[in-house]
Amino acid sequence: MTDMETELAFLRFECGRYDLAGREILDRYTDAELSTIYNGAGPDSWKPIAREILTELMKLFKPEILLHDVQFEESDGTRETFERVTELWKRNCRKIFDSEYPLWTWKILKRSYRLERAYWWGVMQAGNLAISCGAAFSAWTEAYQRRGEK
């Protein structure tokens, strides 16, 4: 098993642990197949180093990033499905955030916890904006067109 396949097996596990909506899409793929689909956060048009940096900045949400990459791989190019995928992203990122950084915990008394929670809240909000903008829909339709060319 390659390092990438090991990471994908872990991300698949995390999707289940967080009970992410839509995670059953992963069942259609082996970890080896997912390694050809998953490329991290950011559009396919970006250089790999840029996606690596963004993925590291968003590492808390990597399980959802994996799901999102697979959803784009299966894009049908329609606005309706894009909107559904966008809503799944927002719901799933919130599940991850709430699981890792709940508001109602004694940890909230620690300044470091509040700072980390604020950071991840900001990352989540920025990701929500990025995946729902016009450029994201263009990437969705381009993914569909690439599928047709395969």
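The subject of this paragraph is the pattern of salt bridges. For the structure shown, the criterion picks out 11 salt bridges. One salt bridge in this structure joins Arg12 and Asp31, with 2.8 Å as the shortest N-O distance. Pair noted here: Arg12 is in helix H1 (residues 3-17) and Asp31 is in helix H2 (residues 31-37), with a separation of 19 residues, a long-range link. With relative accessibility at 24%, the residue Arg12 sits in the partly exposed group. Here Glu56 ties to Lys59 by a salt bridge, and the two come within 3.2 Å at their closest N and O atoms. Beyond isolated ion pairs, a larger network of salt bridges with shared partners links Glu14, Arg17 and Glu100.

Together, Ile49, Ile53, Leu57 and Tyr119 make up an exposed nonpolar region whose accessible area comes to about 390 Å². Take the nonpolar patch: its biggest share by element is three residues, from helix H3 (residues 48-57).

The next thing to look at is the confidence of the model for the protein. With 99% of its residues at a pLDDT of 70 or more, the protein has an overall mean of 94. Here helix H7 (residues 134-149) stands out as the element of the protein with the lowest mean pLDDT, 89, in contrast to helix H5 (residues 79-100), whose mean of 98 is the highest.

All right, on to the side chain of Arg51 then. Checked against the element boundaries, Arg51 lands in helix H3. Here Arg51 sits buried without a salt bridge, and the closest side chain of opposite charge, Asp44, lies 5.2 Å off (N-O distance). For Arg51, the side chain forms a polar contact with the main-chain oxygen of Asn39, separated by 3.2 Å. When near neighbours in sequence (up to four residues on either side) are disregarded, Arg51 contacts Asn39, Gly40, Ala41, Gly42, Pro43, Asp44 and Trp46.

Turning to the packing of H5 against H7, a few remarks are in order. Contact geometry for H5 and H7: axes closest at 11 Å, N-to-C directions at 120°. With respect to H7, the axis of H5 lies oblique. Where H5 crosses over H7, the two elements pack in a sense that is right-handed. Across from Arg79, Thr81, Phe82 and Val85 in H5, the residues of H7 making contact are Ala136, Phe137 and Trp140.

Our next topic: the layout of surface pockets. The probe, sized like a water molecule, is rolled over the atoms to show the empty space still left. In this structure, the largest pocket encloses a volume near 770 Å³. Looking at the largest pocket, it is lined by 33 residues, and the ones nearest its centre are Gly42, Pro43, Asp44, Phe72 and Ala139. At the level of elements, H3, helix H4 (62-73), helix H6 (111-131) and H7 are the ones that each hand at least two residues to the lining of the largest pocket. Here the residues of the lining of the largest pocket are counted per class, giving 20 nonpolar, six polar and seven charged.

Cut-offs and rules
Residues numbered from 1 in each chain as written. Predicted model: local features only at pLDDT ≥ 70, side-chain atom pairs only at ≥ 80, totals over all residues. Heavy atoms only, no water. Salt bridge = Lys/Arg side-chain N within 4 Å of Asp/Glu carboxyl O. Helix = DSSP H or I, 4+ residues; strand = E, 2+ residues; numbered from the N terminus. Buried < 20%, exposed > 50% of the residue type's maximum accessible area, 1.4 Å probe, protein only. Patch = residues over 30% accessible without salt bridge, like charges linked within 9 Å, V, L, I, M, F, W, Y side chains within 5 Å. Areas by Shrake-Rupley, 256 points an atom, 1.4 Å probe, with all protein chains shown as cover. pLDDT = per-residue confidence, 0-100. Lys, Arg positive; Asp, Glu negative; His and termini not counted. Polar contact = N/O pair within 3.5 Å; in protein donor to acceptor, adjacent residues only side chain to side chain. Contact = heavy atoms within 4.5 Å. Axes fitted to C-alpha atoms, helices over the stretch in contact; angles between N-to-C directions. Parallel < 35°, antiparallel > 145°, perpendicular 65-115°, else oblique. Left-handed = near helix turned anticlockwise from the far one by under 90°. 1 Å grid on protein atoms, 1.4 Å probe; cavity = no way out; pocket = protein on both sides within 12 Å on 5 of 7 lines; lining within 4 Å. Points joined across faces, edges and corners; volume = space filled by probe spheres on them. Nonpolar A, V, L, I, M, F, W, Y, C, P; charged D, E, K, R; others polar.

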